[in-house]
Amino acid sequence: MSQDPDLLFRTLADPTRRGIFEQLCRRGEQTVAALTAHAGVSQPAVSKHLAALKQAGLVRDRPEGRQTHYSAQPKALAPLADWTQQMASFWDGRFDALEDLLKRMDQ
């Protein structure tokens, strides 16, 4: 599983990959064929997107006979959640400081 926020951001920047990941989160484990039916792109394209998602640790594959089943790994989003929380705290502090400055200027 990747802990690199840059890799996660790059991987999820593609709308098709985000859609595949969201579908796996909502509907659970699915085959490549099932994912292709909803992705709006070809099966080879879905397979490439799944490879990128797997490299980023966002999906796990499980071979079964001739088919491969994929499942989402939402815990892999933790570095992004941490980064978002840090940025929210940073901006909250900045906005509080701006609000204090504006109050002082009004006096």
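Within any chain, residue numbers begin from 1 and follow the written order of that chain's sequence. Given that this is a predicted model, residues contribute local features only at a pLDDT of at least 70 and side-chain atom pairs are listed and counted only at 80 or more, while totals for whole chains, interfaces and linings are drawn from all residues. Water and hydrogen atoms play no part in the side-chain values, which are based on all heavy atoms of the structure.

Another aspect to go through is the sheet that holds strand β1 (residues 30-31). Strands qualify as paired when DSSP identifies two bridges or more between them. Secondary structure follows DSSP: runs of H or I at least 4 residues long count as helices, runs of E at least 2 residues long count as strands, and numbering of each begins at the N terminus. Read across the open sheet, the three strands follow the order β1-β3-β2; overall the sheet is antiparallel. Bordering the open sheet on either side are β1 and β2 (59-64), each of which pairs with just one other strand. Strands in contact with helix α2 (residues 15-27) are β1, β2 and β3 (67-72); relative to β3, the strand with the most contacts, it is inclined by about 85°. Any two residues whose heavy atoms approach within 4.5 Å are treated as being in contact. Note on definitions: angles span 0 to 180 degrees between N-to-C directions of axes, and those axes are lines fitted to C-alpha atoms, for helices only across the stretch in contact.

This part covers the packing of helix α1 (residues 5-12) against helix α5 (residues 78-106). The contact between α1 and α5 brings their axes to 9 Å, and the two run at 100°. As judged from the angle between their axes, α1 and α5 are roughly perpendicular. On α5, the residues touching Pro-5, Leu-8, Phe-9 and Leu-12 of α1 are Pro-79, Leu-80 and Trp-83. When its residues are assigned to classes, the contact of α1 with α5 shows seven nonpolar, no polar and no charged. In this scheme, roughly parallel covers angles under 35 degrees and roughly antiparallel covers those over 145, while 65 to 115 is roughly perpendicular and the rest are oblique. Residue polarity follows a fixed list, in which Ala, Val, Leu, Ile, Met, Phe, Trp, Tyr, Cys and Pro are nonpolar, Asp, Glu, Lys and Arg are charged, and the others, Gly among them, are polar.

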